[in-house]
Amino acid sequence: MQQMSDIPDKLLNVSNHSLENQEGIPMSDNVSAAIREKVAHLLNRRVGPYKSWNPVSRTQVWQWCTAMGDDNPLYLDDDYRKDTEFDDVTAPPTMMQMWTMRDAQGNYPPGSTDDNPYELLKLLEDNGYGGVMAVSYDQTFHRYLTEGDQVHHYSTLVHMTDLKSTGMGKGFFVTELAEFLDQNNEKFAEANITYFQYETPKKQPGAKKPGSDVQKITRVHPVENYDNEHFWQGLRDGELLIQKCESCSTLRHPPQPMCSECQSLEWGTVAASGKGTVYTYTVMYYPEIPPFDYPNAIALIDLEEGVRIATQLTDVKPDDIKIGMEVEMTLTEVQDDMTLPLFRPVNSTK
Amino acid sequence: MTATISRKAAIVGIGATEFSKDSGRTEMQLAVEAVKAALDDAGIKGADIDGMATFSMDNNWENEILRQIGGKELKFFSRTEFGGGAACGPFVHAATAISSGLCDTVVIYRALNERSGLRFGSGQLFSTSPMDPNIINFSHYFPYGFMTPAAWIAFSARRYMHEFGATSEDFGRVAVSMRDFAATNPNAFFYERPITLEEHQNSRMIADPLRLLDCCQESDGAVAFVVTTAEKAKDLANTPALIASARQSIVKDSRMMTPFYGESISGIPEFDACASDIYKMAGLSPDDIDVACLYDHFSPWVLPQLEAFGFCDRGEAKDFVKDGHISRGGKLPVNTHGGQLGEAYIHGMNGIAEAVRQIRGTSVNQVNDVNHVLVTAGAGVPTGAAILEKG
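In this text the structure is predicted, and so the values were computed from the model without any measurement. (Residues numbered from 1 in each chain as written. Chains lettered and ligands numbered in written order. Predicted model: local features only at pLDDT ≥ 70, side-chain atom pairs only at ≥ 80, totals over all residues. Heavy atoms only, no water.)

**Looking at the overall build of chain B**
Turning to step 1, where the next piece is worked out: Scanning chain B from N- to C-terminus turns up 13 helices and eleven strands.
Turning to step 2, where the next piece is worked out: Seen through its principal axes, chain B has C-alpha atoms that stretch 55 × 50 × 45 Å.
Turning to step 3, where the next piece is worked out: Long-range contacts, defined as pairs at least 24 residues apart, comprise 76% of the intrachain contacts of chain B with a sequence gap of at least 6.
Turning to step 4, where the next piece is worked out: Total accessible area on chain B is roughly 13,400 Å²; 49% of this is exposed by carbon and sulfur atoms. (Helix = DSSP H or I, 4+ residues; strand = E, 2+ residues; numbered from the N terminus. Contact = heavy atoms within 4.5 Å. Areas by Shrake-Rupley, 256 points an atom, 1.4 Å probe, with all protein chains shown as cover.)

Printed below as a string of structure tokens:
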């Protein structure tokens, strides 16, 4: 059985220390103990059988393989199989869970138990832990299924942790053992499936769409340090600042601490007028990286002060971009915390 | 330049894993497989290795490899920064260490799961650690979504078109020529899959003007080499590939993939700067080069390499290519293995392995009477170049 301690903390984003320090809740608090008591009788109860609607068949194997893009010739190629130990159509082992699935109306096949294998999860939900996330799925295969095999399975909830604090909120890790057997009651596969059942996500006031509290992908932030923070702060303050050597007056961009011309470390800034011309450009089509709109026009601008800056072009069709085209800056708050010097053609209508 | 390293060291072993889209094993295993193959190819034991050199980007530590290949101790080890720009640096270091007597026999390796692991073209290339010089550099580009190698290269490709009248078809001819070599190389992704210029022109736009077929593979695999003294090389079975010259190159306008601020950005100033040294150190001229293995992460940047190394004048590479000189049967066949466009993307190291095969006479696309092969490392980054000579 997979113990939670086997799963790296990093994967789960679990921090036991921060649990104590930030939440002030010890690992086995009263809530945890009360809930654990309620669910204790549901643990280690083997529930089943859950039967299959159909025997293993070529048709279903074909449907699976074509849907998953699995072209292993072992499964369906009769000629290929002649040189193997298999005589009949062979099912991909990972189809295991599919055979005993309910039908489209949600009915289990005849002969299946009426017991709900997930009563424990339901009970956790009723106690305020209604969020569910699959964490791990460890499978073991003992033999291949071939055409005509008839499958059933049993489910046992084998383990539940104390209340844990994670990046998703507080909750319990629950591990299910699923045992898959054939018509001779011989186990051909089994799986340890771990779920994280966590505090029911609270709906935000005014939130309309489900999932709207999921963090939106935003633009990558620049890394600011002593050498360049003036540049990013300048943008937030409404100016595109170009570094200027205090000693020889040479302008430079991107920022660097020492003047390439005279090696002075003394520098100030001048505000760019925001006028320039396109020195070169590209239009990005693929891959489409969120959160950007595509196609994404990127240009290298010769600012009239004499330095170059890479930026996004707006208000222009890809085919209309030309080297030498005059452009002007629009300082744009592209997201809550980021202002960028975007450029558009001079006289563009907006 | 005092060329004390010239012809003092030779590549005597090459080894590689298969090249794939999903190796199904760790980069460490790829590395030791390739190193073992290179040692076997050279007829040298792990215990006889006393130096190692690789890329800063390689994730496999020298000590871990040494232990597995039956090694005992290393007197020398070094790494080279700047992605594919590191492809020649390890050979410069090996030749320097060997010729100076620091060590005798150096293993060079590069192993990467670049397709099944971290894909460089995904836009997710670098960490956000403020201590990472990559992100300091890329902070001026990532916020705009300007975050893929193809897009960065496109800036220069567009200028090259603008300044010299080159077209997408001119880039396409490079792409077609590389795939033609790949089509007869069983180790190549494009094996038995030549492409036409029309297919190139119809391939999807990635970052204008770069189309899909202008872009290299994304690959899993490893390549390794054994470099030893020219003296020892004489006693080994393989024809030695002497390092006739090798040099690294950074110029004042060099940047990490974003060389946008020089007076001209249509060429490759690092190669302009090192080409004369490369020839002088070897005592050779462009006419002496029989085959070239040029770094081809993107087809447009093969053109200015032909110019920098003196095979044609500035701006004329498009005509040189159009006349078939870099193709099968041409006067300077380029990337006879299919290049990174057609064989696999192993950070340029598969190109150097092909250079060794051409010297030995064992390439699947063997050119007659090969004595000298020019090899280059990545373009658009601090880089390097070398000439290998039949020993």
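**Some thoughts on the interface of chain A and chain B**
Turning to step 1, where the next piece is worked out: Of the residues lining the interface, 34 residues belong to chain A; the matching set on chain B comes to 37 residues.
Turning to step 2, where the next piece is worked out: Both sides together, the interface formed by chain A and chain B hides about 3,100 Å², and carbon and sulfur atoms give 65% of it.
Turning to step 3, where the next piece is worked out: At the junction of chain A with chain B, the criterion picks out zero salt bridges.
Turning to step 4, where the next piece is worked out: Where chain A meets chain B, there are 13 residue pairs in polar contact (both at pLDDT 80 or more).
Turning to step 5, where the next piece is worked out: Among the elements of the structure, α8 (229-236), β12 (275-284), β13 (296-303), β14 (308-312) and β16 (338-345) of chain A are those that each provide at least two residues to the side of chain A that touches chain B.
Turning to step 6, where the next piece is worked out: Grouping the constituent residues of the side of chain A that touches chain B by class yields 25 nonpolar, seven polar and two charged.
Turning to step 7, where the next piece is worked out: Pairing of β12 of chain A with strand β5 (residues 205-208) of chain B, which is carried by two bridges, proceeds in the antiparallel orientation. Bridge pairing in β5 of chain B places Met-284 of chain A opposite Ala-207 of chain B. (Buried area = accessible area lost by both parts, 1.4 Å probe. Salt bridge = Lys/Arg side-chain N within 4 Å of Asp/Glu carboxyl O. Polar contact = N/O pair within 3.5 Å; in protein donor to acceptor, adjacent residues only side chain to side chain. Nonpolar A, V, L, I, M, F, W, Y, C, P; charged D, E, K, R; others polar. Pairing = 2+ DSSP bridges.)

**What to know about the pattern of salt bridges**
Residue and element names in this part refer to chain B.
Turning to step 1, where the next piece is worked out: The final tally for this structure, using the stated rule, is 34 salt bridges over all chains.
Turning to step 2, where the next piece is worked out: Two residues, Asp-50 and Lys-75, come together in a salt bridge whose shortest N-O distance is 3.8 Å. Of the two residues, Asp-50 sits in the loop between α1 (27-42) and β2 (51-55) while Lys-75 sits in the loop between α2 (62-68) and β3 (76-80), which places them 25 residues apart along the sequence.
Turning to step 3, where the next piece is worked out: Look at Asp-50 and you get buried, because its relative accessible area is 8%.
Turning to step 4, where the next piece is worked out: A residue is classified by how much of its surface remains accessible, and Lys-75, at 52% relative accessible area, is exposed. (Buried < 20%, exposed > 50% of the residue type's maximum accessible area, 1.4 Å probe, protein only.)

**Thoughts on the domain arrangement of chain A**
Turning to step 1, where the next piece is worked out: The assigned domain composition of chain A is domain 1 (9-198) and domain 2 (229-345).
Turning to step 2, where the next piece is worked out: Just the C-alpha atoms count here: the centres of domain 1 of chain A and domain 2 of chain A sit 53 Å apart. (Domains from an automatic or database assignment.)

**A few points about the sheet that holds strand β10 (residues 372-376) of chain B**
Two modes of strand pairing occur in sheets, parallel and antiparallel, and in both the strands are linked by backbone hydrogen bonds.
Residues and elements named next belong to chain B.
Turning to step 1, where the next piece is worked out: Strands sit in the order β3-β2-β4-β7-β1-β8-β11-β10-β9 across an open sheet of nine strands; the sheet is mixed. The sheet is open, and its two edges are formed by β3 and β9 (291-293), each paired on a single side. Strand-to-strand twist in this sheet, taken as the mean axis angle between neighbours without regard to direction, amounts to 25°.
Turning to step 2, where the next piece is worked out: Note that strand β8 (residues 241-249) and strand β11 (residues 383-390) share eight bridges and pair antiparallel. Considered in β11, the bridge of Ala-246 is made with Ala-386.
Turning to step 3, where the next piece is worked out: Along the sheet, α1 contacts β1 (9-16), β4 (106-113) and β7 (220-229); its crossing angle with β1, the most-contacted strand, is approximately 130°.
Turning to step 4, where the next piece is worked out: Here helix α9 (residues 269-282) sits on the sheet and contacts β8, β10 and β11; the angle it forms with β8, its principal contact strand, is near 150°. (Axes fitted to C-alpha atoms, helices over the stretch in contact; angles between N-to-C directions.)

**Details of the pairing of β10 of chain B**
All names here are of chain B.
Turning to step 1, where the next piece is worked out: Burial analysis of β10 places five of its five residues in the buried class, which makes it a mostly covered element.
Turning to step 2, where the next piece is worked out: Of the two faces of β10, the one holding His-372, Leu-374 and Thr-376 and the one holding Val-373 and Val-375 are both buried throughout.
Turning to step 3, where the next piece is worked out: Sheet analysis places β9 next to β10, joined by three bridges and oriented parallel. When the sheet's bridge partners are listed, Cys-293 is paired in β10 with Val-375.
Turning to step 4, where the next piece is worked out: In this sheet, β11 lies alongside β10 in antiparallel orientation, the contact comprising five bridges. Counterpart to Leu-374 in the pairing with β11 is Ile-387.
Turning to step 5, where the next piece is worked out: The antiparallel hairpin formed by β10 and β11 contains six residues in its connecting segment, where Gly-380 sits at a positive phi of about 90°.

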